[in-house]
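Residue-level listing of the chains:
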Amino acid sequence: MASKRKRAAVDGGKKPKLELALDSEKQAEFEEKVKEIKAKAVNGSREGRGVIYLKHIPHGFYEPQMKRFFSQFGTVTRLRLSRSKKSGNSKGFAYIEFEFEEVAKVVAETMNNYLMYHKLLKCEFIPKERIWPDLFKGCNRMFKKPIAHKLALERHNSLAKNPERMEKSRKKLIRKQKRTKNRLRAMGIDWEFDGYSDPEADSKTDDTAEAKPEQAKESDEATPPKKMKKDNKESSPPKKTKKDSEDKKAVPLRRQRKTTKN
């Protein structure tokens, strides 16, 4: 321990250089080259590697099976099978990266129109211009089936256990329903539909409904009963018509003519 401390004190407390060139004059150039190599490794430089696009993938042919199958052609460096975010099921297409571009081209030729589980695989080589940085995003993570739907069910069912949250959500739904009704009225649509019930509005309507029959009873008691009018239709003589008046006028004219002849 003492010897190490003495060496650190002699070097001024700095760490010794691990990258040393054989020629001391070319040390700066050597360090720059080492930095470039490290930067390429960190940034994930994929020079000389080939990528293929595979579609019409059958059910059951997933990441482990694909990696095992395509490893017979060469080293598979990265693989990403596109899956649904909600269900986690396969979408039927994937991207596979090989260590060498020539191997990827051979795979694209041999596996195109290859019959697998009653499906024709379609395989295509992707040039570097069409490869974007996030193409293999999340390819190194182990696949886990999404549980968002389970969390949503638990969150929904927890409302019944908390009455305050239940009341808050109910009021929110009632406000939303009122806004839709007002919007419909503004457009000239008078439509009443069954929705969420508002207990405050229901109590007001019940009070008004109870008050109306009481007011009607009071008004009936205050006003005396009206006398019924007698039906005078039978006693009243029938009205004269134009035909009756013409017949009466015509009869005396005939009688007068007869008298003149005699």
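Above this text sits the structure in question.
> Can you break down the overall build of the chain residue by residue, with the values?
On a plain count of helices and strands, the chain comes out with eight helices and five strands. The burial tally for the chain puts 17% of its 262 residues in the buried class. Restricting the contact set of the chain to residue pairs at least 6 apart, pairs at least 24 apart contribute 57%. Of the roughly 23,300 Å² of accessible surface on the chain, 54% is carried by carbon and sulfur atoms.

> Give me the pattern of salt bridges: which residues, what numbers.
In this structure the tally under the stated criterion is five salt bridges. For Lys 105, the salt bridge is made with Glu 101, and the minimal N-O distance between the two is 3.6 Å. Placement of the pair is Lys 105 and Glu 101 together in helix H4 (residues 101–111), with a separation of four residues, close to one helical turn. When the shortest N-O distance is used, the salt bridge between Arg 170 and Glu 167 registers 2.3 Å. Of this pair, Arg 170 and Glu 167 both sit in helix H6 (residues 163–186), three residues apart, roughly one helical turn. Residue classification places Arg 170 among the partly exposed positions, given a relative accessible area of 24%.

> Lay out the nonpolar core with the relevant residues and their values.
One finds Ile 52, Leu 54, Met 66, Phe 70, Ile 96 and Phe 98 to be the most contacted residues of the largest nonpolar core, which totals 20 residues. Going through the elements one at a time, strand E1 (50–55), helix H3 (63–70), strand E2 (76–83), strand E3 (90–98), H4 and strand E5 (119–126) are the ones with two or more residues in this core. By residue number, the principal contributor to this core is H4, which donates five residues. Contacts of Met 66, omitting those with residues within four sequence positions, involve Leu 54, Ile 57, Phe 61, Leu 79, Leu 81, Ala 94 and Ile 96. Core analysis: the next-biggest nonpolar cluster, separate from the first, contains seven residues, Val 51, Tyr 53, Tyr 95 and Ile 126 among them.

> A description of unusual backbone geometry should follow, citing residues and the corresponding values.
Even without being glycine, His 56 reaches a positive phi, approximately 60°. For His 56, the position within the fold is in the loop between E1 and H3.

> Let's hear about a positive patch on the surface: which residues, and what values?
Taken together, the side chains of Arg 155, Arg 165, Lys 168, Lys 171, Lys 172, Arg 175, Lys 176, Arg 179 and Arg 183 make up a positively charged region of the molecular surface. In terms of residue count, the dominant contributor to the positive patch is H6 (eight residues). Among the structural elements, Arg 175 can be located in helix H6. Note on Arg 175: relative accessible area 47%, which makes it partly exposed.

> An account of the environment of Ala 94 is requested, with residue identities and associated values reported.
Among the secondary structure elements, Ala 94 is positioned in strand E3. In this structure Ala 94 comes out as buried when scored by relative accessible area, which is 0%. Once you skip the residues sitting within four places of it in the chain, Ala 94 turns out to touch Ile 52, Tyr 53, Leu 54, Ile 57, Met 66, Arg 80 and Leu 81.

Analysis parameters
Residues numbered from 1 in each chain as written. Predicted model: local features only at pLDDT ≥ 70, side-chain atom pairs only at ≥ 80, totals over all residues. Heavy atoms only, no water. Helix = DSSP H or I, 4+ residues; strand = E, 2+ residues; numbered from the N terminus. Buried < 20%, exposed > 50% of the residue type's maximum accessible area, 1.4 Å probe, protein only. Contact = heavy atoms within 4.5 Å. Areas by Shrake-Rupley, 256 points an atom, 1.4 Å probe, with all protein chains shown as cover. Salt bridge = Lys/Arg side-chain N within 4 Å of Asp/Glu carboxyl O. Core = buried A, V, L, I, M, F, W, Y, C linked by side-chain atoms within 4.5 Å. Patch = residues over 30% accessible without salt bridge, like charges linked within 9 Å, V, L, I, M, F, W, Y side chains within 5 Å. Lys, Arg positive; Asp, Glu negative; His and termini not counted. Charge placed at Lys NZ, Arg CZ, Asp CG, Glu CD.

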